[in-house]
Protein chains: 2
Amino acid sequence: MTLSKQEMPNQNYLFETEQALHDDIKKQMNRLFASSSQTTFLEEQIDEITNKFSEEFLSSLDANTHIDLDYLLSNFSESQIPVQPTNVESYLKYLGNNVVAHSIHTSSPQFIGHMTSALPCFVRPLAKLMTAMNQNAVKIETAKALSFCEREALAMLHRLIYNFSDNFYDQHIQHNLSTLGILVSGGTVANITALWCARNAALGPKDEFLGIEKEGLTAALDFYGYKGAAIIGSELMHFSFDKAADLMGIGTHRLIRVPADCNNRVNIQALRQAVAECRAQNLLIIAIVGVAGTTDSGGVDYLAEIADITQEAHVHFHVDAAWGGPLIFSQQHRHKLAGIERADSVTIDGHKQLYLPIGIGMVFFRDPYKAEAIEKQASYTMRKGSFDLGKRALEGSRPGMALFLHAGLNLIGLKGYEFLIDEGIRKTQYMADRICTMPEFELLAEPDTNLLLYRYVPEPLRELVAKKQLTETDNQLINEFNERLQKIQRQIGRTFISRTTKTTTRFGKEIPIIALRAVLANPLTTEEDIDTVLNDQIQIAAEI
Amino acid sequence: MTLSKQEMPNQNYLFETEQALHDDIKKQMNRLFASSSQTTFLEEQIDEITNKFSEEFLSSLDANTHIDLDYLLSNFSESQIPVQPTNVESYLKYLGNNVVAHSIHTSSPQFIGHMTSALPCFVRPLAKLMTAMNQNAVKIETAKALSFCEREALAMLHRLIYNFSDNFYDQHIQHNLSTLGILVSGGTVANITALWCARNAALGPKDEFLGIEKEGLTAALDFYGYKGAAIIGSELMHFSFDKAADLMGIGTHRLIRVPADCNNRVNIQALRQAVAECRAQNLLIIAIVGVAGTTDSGGVDYLAEIADITQEAHVHFHVDAAWGGPLIFSQQHRHKLAGIERADSVTIDGHKQLYLPIGIGMVFFRDPYKAEAIEKQASYTMRKGSFDLGKRALEGSRPGMALFLHAGLNLIGLKGYEFLIDEGIRKTQYMADRICTMPEFELLAEPDTNLLLYRYVPEPLRELVAKKQLTETDNQLINEFNERLQKIQRQIGRTFISRTTKTTTRFGKEIPIIALRAVLANPLTTEEDIDTVLNDQIQIAAEI
């Protein structure tokens, strides 16, 4: 099944002269690049083969093959680039057998463990178009219509969040000094960008001080009279905030993680207290972060209450809605996001619940001039007053991913996204209900949106669970069982559920609970698929 | 030619009941997502249309349409997401007329002004395959074979740079504690990542101090007894280093830009002096940056001499080879990179001279454990000891771009890349020679690699240029002329050259010279195309 590298023939026949070799390479490169019929034919041939790969891949119900990681990795141990171009057909065969075959079927209706899903069919042809167009969104000279198209798509989502007036959007949608949002590679860069803007705006130029951008963090804190800087949010904040605190020189110890309640929402009183403590310690609070859809369990913080706190404290309010942002499409569920419209910045991921390819993060700003705080210029491009999108961005060159975003918003529309969100939450409730009726499982929390935490309970312990009489040792046993169960299920590859560790206070101390974690976002997942996944776990558990 | 939004029909017929509307939306979403024959048919229809767009786009010789930016942007002023899904065919028509039509033909052989180019034909089908597979490279549970495939491709380039032993690669290529390289979205994130690792490694945990990661920059500098931190490099460093210095809390004033000589290479003596000054001021030097291919002019620093300095000073040596790195493929030109193998970290962009789609930056590390300094974990994923690539990375979720990189290295091969690099440099020399023979132009510097700076000289001033008798006012006139020339050329859209501003010392002071900037990397560009571009400029100049 696996084709080794040795079987992959290079054009390694000998050439009589250096010139003959050079001529052959020239011919081959011409065949790869030229806009000739020969190249078109080659591209069509490749397209035919890769289309077959895609079709087979997309129609698979299994989550994965059961190939062992250690075996698999041994197939990728070549550290030498082939001297001559590899034959295209052989390479594609190799790719099919070694890479495509052993990739994860993230679109499978029974792969319900991570924030990846089946995608709408239009993204695949658009991916080819985007690659053909090869626009570089960093500047207008390499992305003309696309720069404006990107701004339009971002404005649409901005409006969904903030709902300012027609007049506001007329003024800012295509104004080169305004930044309604920034399209980045993912939620992590979006979160970092938001905090970077917040930090630089809080420690900007004043009197003789030139601002943190030029003079650095230590000088800035010194000038403004702070002993340090902090970021405050729920203990369930995504680990991108650790990256931000580290990268920005704040230190992860000053990323203050406030306890969450049993519904996975930040404890508001504890949050207030954290603010007061930072003040008492004379720390600048760069931002308070609200989470709209924790990675762990989908919990949404009480955004309106956090908004009150940030308003009173005059602190930047950032909402990480990378996962949960699209709840806003749902008339039934958008109330869970109430308060998001008061955020100074909001992160949403396109590749999560907007059902777009991976590589689309976004950060939105209430104040269209907030991103000025990170503006940079360069003489060969990125000129002041230009439409270059790269002026106010962490990244430089970046692809025309706006094409997907614009298409998604138009081809799916408000009602389409509403349907997708509502369905995911409905199916999650179905799964939660099923779990409650099955003696094998324990639901660990009522789902807030479309993530579900539960665990398998081995037969001898079920009564104790029901009576809430588990000892710490029992709990440890259940943990070990669930970790094994999840690993075996992943290894077998028929279905997939992820796992996480929740910390809970029981027996008067913090104990870890290993949870099975379902993410119900795939539109292809039916109630039958959910039953199949649960039954698969029961079957595996019976054999442990 | 342009289809307005009003002409783009939504499925806006009225539904008698809410339920009927809901059922219709359900049907439409099912059609977009389901793996049914109906969806396959729709996808094929879309594919056919977008393939036509691509073909037409790729076969265009013109750099661009001559549509005016102000007119174009007025077509992108919609801030409302359509309520119901837009009809697919209408949307594609809209896309073709409004976005594709007015995008930049970066593959045109006469678009020789930026670091974008025609791409090999296999990247387009692969883009579709990558999107179909929808792997998330952040973790092994969503990117199984691809995680190992990515490591293999990175190891291949690592070996090309560092050329360590078979034994070294056997040990590190697939070892989960080793990081030979990190695949990121672009050169900017690559540079930031390199400096982040360097900073954290220099200010790591020691005795009771927990390291900069946890305690922050101010505490770290304090603990280690520094008055501040600095990054040193050429004045021609890419503006991503400004972003890094700002973001990391160093401050851009401590990004020390050392003057370059007339060949656009950092002045080594001035660099030594900058190091001594930092020492005298008790500043930690986080890294010294060597540039291998400046964005402005393609100049390559004296890397071996910088390596000597960094070695003596025990400072991290980073080489930004985002553009120039692939010179290493060329037997004829790789000597220009001599010393790169002594770098602690190296940035190379896949979407520049590896001819891959935009969105592939890479940073390589001499020490496979260097990236430990930025390692993060999260309980729901990114577990210690796992193969999760996201553990040591600035970004989180990211697409399977490794597919392109792996394919490029195999399908183009060492000799293929060598050919492409050599041809670019050969054509640049041709263009330089042509410019020298044409009285209309002045070559501003002998090209180092495949970037070329020159300018148009209006007839009355040519003799003064030849005699080197230009006054400052004359120079100002030439500047204005070239800026206008470049703008008009861009506006007309037949051909394209970019522009930049060089600062030169003349008349005993710093004066700006506006230069036309050619980038000769497109394999489709012929000598005839180069002549066409130059003649286009002459023709435009005659009409100014």
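Residues numbered from 1 in each chain as written. Chains lettered and ligands numbered in written order. Predicted model: local features only at pLDDT ≥ 70, side-chain atom pairs only at ≥ 80, totals over all residues. Heavy atoms only, no water.

A.B. asks: When you look at the overall build of chain A in this model, what are you seeing that I'm missing?
C.D. replies: Tallying secondary structure elements over chain A gives 17 helices and 11 strands in all. Against the 2.2 N^0.38 benchmark of 24 Å for 544 residues, chain A shows a C-alpha radius of gyration of 26 Å, consistent with a compact globule. In terms of its C-alpha atoms, chain A occupies a principal-axis envelope of roughly 80 × 70 × 45 Å. The 544 residues of chain A split such that 67% are buried. (Helix = DSSP H or I, 4+ residues; strand = E, 2+ residues; numbered from the N terminus. Rg over C-alpha atoms; globule rule 2.2 N^0.38 Å. Buried < 20%, exposed > 50% of the residue type's maximum accessible area, 1.4 Å probe, protein only.)

A.B. asks: Can you walk me through the interface of chain B and chain A in this structure?
C.D. replies: One frequent convention defines the size of an interface as the accessible area lost when the parts assemble. In this complex, chain B contributes 172 residues to the contact, which on the side of chain A involves 173 residues. Both sides of the chain B and chain A interface together cover about 14600 Å² of buried area, and 66% of this is carbon and sulfur. Across the contact surface, chain B and chain A share 10 salt bridges. The closest approach of N and O atoms between A:Arg199 and B:Asp246, which form a salt bridge, is 3.0 Å. (Contact = heavy atoms within 4.5 Å. Buried area = accessible area lost by both parts, 1.4 Å probe. Salt bridge = Lys/Arg side-chain N within 4 Å of Asp/Glu carboxyl O.)

A.B. asks: Even after reading the chapter, I still don't get the pattern of salt bridges, so can you show me in this structure?
C.D. replies: A side chain with one charge can pair with a side chain of the opposite charge if their charged atoms come near. Residue and element names in this part refer to chain B. Summed over all chains, the structure comprises 52 salt bridges over all chains. In this structure, Arg272 and Glu312 form a salt bridge, with 3.1 Å as the shortest nitrogen-oxygen distance. Remark: Glu312 occurs in helix α13 (residues 303–313) and Arg272 occurs in helix α12 (residues 268–280); sequence separation between them is 40 residues. For Arg272, a relative accessible area of 38% corresponds to the partly exposed category. In this structure Glu312 comes out as exposed when scored by relative accessible area, which is 54%.

A.B. asks: Can you help me understand the packing of aromatic side chains in this one?
C.D. replies: For any two aromatic rings, the description comes down to two numbers: the centre-to-centre distance and the angle of the planes. Counting across every chain of the model gives 28 aromatic pairs over all chains. Geometrically, the ring pair formed by A:Phe223 and A:Tyr224 is edge-to-face, given 5.1 Å between the ring centres and 85° between the ring planes. Note on B:Tyr456 and B:Phe481: the rings are 5.3 Å apart at their centroids and 20° apart in plane angle, and the pair reads as stacked. Note that B:Tyr456 is positioned in strand β9 (residues 451–456) and B:Phe481 in helix α16 (residues 472–492), a separation of 25 residues in sequence. Owing to a relative accessible area of 14%, B:Phe481 belongs among the buried residues under this scheme. Among the aromatic side chains, those forming a connected cluster through ring pairs are A:Tyr162, A:Phe164, A:Phe168 and A:Tyr169. (Phe/Tyr/Trp six-rings, centres within 6.5 Å; stacked < 30°, edge-to-face > 60°.)

A.B. asks: Looking at this structure, I do not really get the packing of helix α2 (residues 37–58) of chain A against helix α4 (residues 88–100) of chain A. What am I missing?
C.D. replies: When two helices pack together, their arrangement is captured by the angle between the axes and the distance separating the axes. Residues and elements named next belong to chain A. Between α2 and α4, the shortest axis-to-axis distance is 11 Å and the interhelical angle comes to 15°. In terms of axis orientation, α2 runs roughly parallel to α4. Between α2 and α4 the crossing geometry is right-handed. Contact with α2, carried on its side by Leu42, Ile46, Ile49, Thr50, Phe53 and Phe57, involves Val88, Glu89, Leu92, Gly96 and Val100 of α4 and no other residues of that element. Of the residues contributing to the contact of α2 with α4, the split by class is eight nonpolar, two polar and one charged. (Axes fitted to C-alpha atoms, helices over the stretch in contact; angles between N-to-C directions. Parallel < 35°, antiparallel > 145°, perpendicular 65-115°, else oblique. Left-handed = near helix turned anticlockwise from the far one by under 90°. Nonpolar A, V, L, I, M, F, W, Y, C, P; charged D, E, K, R; others polar.)

A.B. asks: Teacher, can you tell me more about the relation of the copies chain B and chain A here?
C.D. replies: Two chain copies, one operation linking them: a rotation about an axis together with a shift along it. Mapping chain B onto chain A calls for a screw motion: a turn of 180° about the axis and a shift of 0.0 Å along it, with 0.0 Å RMSD after fitting. Seen this way, the second copy is the image of the first under a two-fold rotation axis. The position closest to the rotation axis in chain B is occupied by the C-alpha of B:Met248, lying 2.2 Å away. Residue by residue, 100% of the interface of chain B is reproduced at the interface of chain A, so both copies engage with the same surface. (Least-squares fit on C-alpha atoms with pLDDT ≥ 70 in both.)

A.B. asks: In this structure, what is going on with the sheet that holds strand β6 (residues 345–349) of chain A? I would like to understand it.
C.D. replies: The strands that make up a sheet are held in pairs by hydrogen bonds between backbone atoms, and each pair lies either parallel or antiparallel. Residue and element names in this part refer to chain A. An order of β1-β7-β6-β5-β4-β2-β3 is seen for the seven strands of this open sheet, with the pairing classed as mixed. Of all strands in the sheet, those with a lone pairing partner are β1 (181–184) and β3 (255–258), marking the two edges. This sheet shows a mean twist of 20° between the axes of neighbouring strands, independent of strand direction. The pairing of strand β5 (residues 316–320) with β6 spans three bridges and is parallel. By the bridge assignment, His318 is partnered in β6 with Ser345. Across the face of the sheet, helix α12 (residues 268–280) comes into contact with β2 (228–234), β3 and β4 (283–291) while running at roughly 165° to β4. (Pairing = 2+ DSSP bridges.)

A.B. asks: What is the right way to read the nonpolar core from this model?
C.D. replies: Nonpolar side chains in soluble globular proteins tend to be buried together. By size, the foremost hydrophobic cluster in this structure holds 223 residues, and its most contacted members are A:Leu157, A:Met362, A:Leu405, B:Leu157, B:Met362 and B:Leu405. Setting aside chain neighbours within four positions, we find B:Leu405 in contact with B:Ala153, B:Leu154, B:Leu157, B:Leu183, B:Leu354, B:Leu356 and B:Met362. Core analysis: the second largest hydrophobic core is formed by 74 residues, A:Trp196, A:Leu394, B:Leu247 and B:Ala371 among them. (Core = buried A, V, L, I, M, F, W, Y, C linked by side-chain atoms within 4.5 Å.)

A.B. asks: Just to check I follow, could you spell out unusual backbone geometry for this structure?
C.D. replies: Residue and element names in this part refer to chain B. Positive phi outside glycine occurs at Asn134, with the angle close to 45°. Positive phi values are uncommon outside glycine, yet Lys468 reaches one of about 55°. Tracing the backbone shows Lys468 in the loop between α15 (462–466) and α16.

A.B. asks: Just checking my understanding: could you explain the pairing of β5(A) for this structure?
C.D. replies: Looking along a regular strand, one sees side chains alternate from face to face of the sheet. All names here are of chain A. In terms of burial, β5 is largely enclosed, as five of its five residues are buried. Residues of β5 alternate between two faces, with His316, His318 and Asp320 on one and Phe317 and Val319 on the opposite face, all of them buried. Of the pairings in the sheet, the one linking β4 to β5 comprises five bridges and is parallel in character. For Val291, the partnering residue across the bridge sits in β5 and is Asp320. Following the chain from β4 across helix α13 (residues 303–313) to the adjacent parallel β5, one finds a crossover that is right-handed. (Right-handed = clockwise from strand over helix to strand, strands pointing away.)

A.B. asks: I would appreciate a short explanation of helix α8 (residues 187–202) of chain B in the present structure.
C.D. replies: Residue pairs spaced three or four apart in an α-helix point in one direction, given the helix's 3.6 residues per turn. For α8(B), built from 16 residues, the straight-helix expectation of 22 Å at 1.5 Å per residue is met to within 8% by its first-to-last C-alpha distance of 22 Å. With 14 of its 16 residues buried, α8(B) lies for the most part within the structure. (Expected span 1.5 Å × (residues − 1).)

A.B. asks: Explanation requested: the side chain of A:Asn475 in the structure shown.
C.D. replies: All names here are of chain A. Structurally, the position occupied by Asn475 is in helix α16 (residues 472–492). Of the residues examined, Asn475 reaches a relative accessible area of 2% and is grouped as buried. Residues within four places of Asn475 in sequence aside, it is in contact with Arg455, Ile511, Pro512 and Ile513.

A.B. asks: Quick question: what am I supposed to make of the environment of B:Ala201 here?
C.D. replies: Tracing the backbone shows B:Ala201 in helix α8. Through-space distance from the C-alpha of B:Ala201 to that of B:Ala541 is 54 Å; in sequence the pair is 340 residues apart.

A.B. asks: I'm lost on the state of the cysteines in this one. Help?
C.D. replies: What we call a disulfide is simply a covalent bond connecting the sulfur atoms of a pair of cysteines. One pass over the structure, following the stated rule, counts zero disulfides over all chains. A:Cys262 forms no disulfide, and the closest cysteine sulfur to it belongs to A:Cys436, at a distance of 15 Å. (Disulfide = S-S within 2.5 Å.)

A.B. asks: Is there a simple way to explain helix α2 (residues 37–58) of chain B in this structure?
C.D. replies: Between its first and last C-alpha, α2(B) extends 30 Å over 22 residues, near the 32 Å set by a 1.5 Å rise per residue. Check the buried side of α2(B) and you find it contacts α2 and α5 (123–133) of chain A together with α1 (18–33), α4 (88–100) and α5 (123–133) of chain B.

A.B. asks: Would you mind going over the side chain of A:Arg151 with me for this structure?
C.D. replies: Residues and elements named next belong to chain A. Within the secondary structure layout, Arg151 lies in helix α6 (residues 144–162). Despite its burial, Arg151 pairs with no opposite charge; the closest candidate is Glu150, at 8.2 Å N-O. Of note is the side chain of Arg151, whose polar atom sits 2.8 Å from the backbone oxygen of Ser178. The residues touching Arg151, leaving out its near neighbours within four places in the chain, are His172, Ile173, Gln174, His175, Asn176, Ser178 and Leu389. (Lys, Arg positive; Asp, Glu negative; His and termini not counted. Polar contact = N/O pair within 3.5 Å; in protein donor to acceptor, adjacent residues only side chain to side chain.)

A.B. asks: I would appreciate a short explanation of the environment of A:Pro259 in the present structure.
C.D. replies: Residue and element names in this part refer to chain A. Its location among the elements puts Pro259 in the loop between β3 and α12. Residues Pro259 and Glu235 lie 24 residues apart in sequence; the distance between their C-alpha atoms is 5.3 Å. When near neighbours in sequence (up to four residues on either side) are disregarded, Pro259 contacts Glu235, Val266, Asn267 and Ala270.

A.B. asks: Help me understand the sheet that holds strand β9 (residues 451–456) of chain A, please; the structure alone is not making it clear to me.
C.D. replies: Residue and element names in this part refer to chain A. If you trace the four strands from one edge of the open sheet to the other, you get β8-β9-β11-β10, paired in antiparallel fashion. Across the chains shown, the open sheet's two edge strands, defined by having one partner strand only, are β8 (441–443) and β10 (498–506). Each strand axis lies, on average, 45° off the axis of its neighbour in the sheet, ignoring direction. Looking at chain direction, β10 and strand β11 (residues 509–519) are connected through nine bridges and run antiparallel.

A.B. asks: Please explain the packing of α4(A) against helix α14 (residues 402–437) of chain B as it appears in this structure.
C.D. replies: Close contact between α4(A) and α14(B) brings their axes to 11 Å; oriented N to C, the two are set at 145°. As for how α4(A) packs across α14(B), the hand of that crossing is right-handed. Contact residues: α4(A) offers A:Val88, A:Tyr91, A:Tyr94, A:Leu95 and A:Val99, while α14(B) offers B:Leu403, B:His406, B:Ala407, B:Asn410 and B:Leu411. When its residues are assigned to classes, the contact of α4(A) with α14(B) shows eight nonpolar, two polar and no charged.

A.B. asks: Is there a simple way to think about the confidence of the model for chain A in this case?
C.D. replies: Close inspection of predicted coordinates is inappropriate for parts of the model with low pLDDT. Residues and elements named next belong to chain A. The share of residues in chain A with pLDDT of 70 or more is 96%, and the mean pLDDT across the chain is 94. Under a pLDDT of 50 for its full length, residues 1–6 has, in the predicted model, 16 contacts with residues more than four places off or in other chains. Scoring the predicted complex yields pTM 0.96 and, for the interface, ipTM 0.96. (pLDDT = per-residue confidence, 0-100.)

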